[in-house]
Amino acid sequence: MKALLRLYPRSWRKRYGGEMDALVDDLPGGVGVALDLLVGAAAAYASVVRDNRVLSTAAAYLHGVCVAVLVQAIAFVTLVLVSQQSQSPTIVQIGAWQIASVVRPGPFPLRELSAYVRAQALLESLPAVILLVLLVAILALALAGPRLVRRSIQ
Amino acid sequence: MVSFLLLAMVTVAIAEVTLAALLVLFSYVLRLDLTIDLGSARLFFESDPRAGPVVELYGPASVASILFCAVCGFSAAIRTFRLWRPTG
C-alpha cells in the first residue's frame, strides 16, 4: 500500500510524506484505501499543475484539443445519423469547398418503403444514437472535469 | 518559444491520429465504408462491402479539423494564461 505514496508529486511527499506513511500504517489495507490514495494522488498533481502558470496553460491546451476531438467525433456520428434518415446523398459543403458526403445504398426513397422496412431502418440507426449519447456524455464530463477537480482541491 | 510551438504541433498531430482511429472504430461499429482524402493520399476503410453507407471526407475536412483542434487548444491556453492567479 505504501508503494502508492510514490505516485504523489515530490513536493507533496516532502511536505506530507512522513504523516502519510504513519497514516497508511494505521489503515487496514483494502481496495477502498488504495482507490482513495489513487484519487488523492490525482488531486495532488492537479493542485501542483494549478499552482504553476506554465503547467496550467499546457493542461488547458491539452484539454482544449481533447474537447475539439470529441466535438468532431460527435459531428461525424451526427452526420451518419442524419444520412440514415434519408435515401438521398447527404453533402456537407462550405461555399465551393466540399467537406463530406454520405451516400446510402438502396433503390427506394424512404417514404415508399413499407412500415416494416422503415422500422428496420430505425433499428439500424440505434447504434449511432447510442454512440452519440455516449460521446455527448463524455464531452459533458470533459467540460465539467476541470471545475470538479477545482472543487475537490478547495 | 519554438519548442512550445513544436510541442503544440505534435499534440495536434497526435490528436488528429486519435481522431482518425476513432472514425475507423466508429465505421466498424456503424458498418460504414469510410474514405479520408489527405491531398494526394487516400485512406480507405471498408467494413461491409454489401450494405454500408459510403462516407467520404474530402481534403478541406482534414484542413478544417487541424485548424479547429489548434484553435480550441490555443484559445483555452491563452484564456488560462491570462486569467491565471496564484492560489492560497
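Keep in mind that this is a model prediction, so the values were computed, not measured.

Novice: Tell me what's going on with the pairing of strand E2 (residues 41-46) of chain B, and back it up with residues and numbers.
Specialist: Taking burial as the measure, the six residues of E2(B) include zero buried ones, a minor fraction of the element. Connecting the antiparallel pair strand E1 (residues 33-38) of chain B and E2(B) is a turn made up of two residues, with Gly39(B) showing a positive phi of about 70°.

Novice: Which residues make up the environment of Ala144(A), and what values do they have?
Specialist: Counting through the fold element by element, Ala144(A) comes out in helix H5 (residues 126-153). Here the alpha-carbon distance between Ala144(A) and Val24(A), two residues 120 residues apart in the chain, equals 31 Å.

Novice: Report on the confidence of the model for chain B, specifying residues and quantitative values.
Specialist: Mean pLDDT over chain B works out to 88, with 94% of the residues at or above the 70 mark. For chain B, per-element mean pLDDT is lowest for E2(B), which scores 85, and highest for helix H2 (residues 59-83) of chain B, which scores 93.

Novice: Quick one: what's the story with the packing of helix H1 (residues 2-30) of chain B against H2(B), residue by residue and with numbers?
Specialist: If you want to describe how two helices pack, look at the angle between their axes and the distance between the axes. Residues and elements named next belong to chain B. In the contact formed by H1 and H2, the axes pass within 10 Å of each other and the chain directions differ by 125°. Taken together, the axes of H1 and H2 lie oblique to each other. Classified by chirality, the crossing of H2 by H1 is right-handed. Here Ala 8, Thr 11, Val 12, Ala 15, Glu 16 and Leu 19 of H1 lie close against H2, whose contacting residues are Ser 65, Ile 66, Cys 69, Ala 70 and Gly 73. Its residues assigned to classes, the contact of H1 with H2 comprises seven nonpolar, three polar and one charged.

Parameters at a glance
- Residues numbered from 1 in each chain as written.
- Chains lettered and ligands numbered in written order.
- Predicted model: local features only at pLDDT ≥ 70, side-chain atom pairs only at ≥ 80, totals over all residues.
- Buried ≥ 20, exposed ≤ 12 C-beta atoms within 10 Å, placed from the backbone.
- Helix = DSSP H or I, 4+ residues; strand = E, 2+ residues; numbered from the N terminus.
- Pairing = 2+ DSSP bridges.
- pLDDT = per-residue confidence, 0-100.
- Axes fitted to C-alpha atoms, helices over the stretch in contact; angles between N-to-C directions.
- Parallel < 35°, antiparallel > 145°, perpendicular 65-115°, else oblique.
- Left-handed = near helix turned anticlockwise from the far one by under 90°.
- Contact = placed C-beta atoms within 7 Å.
- Nonpolar A, V, L, I, M, F, W, Y, C, P; charged D, E, K, R; others polar.

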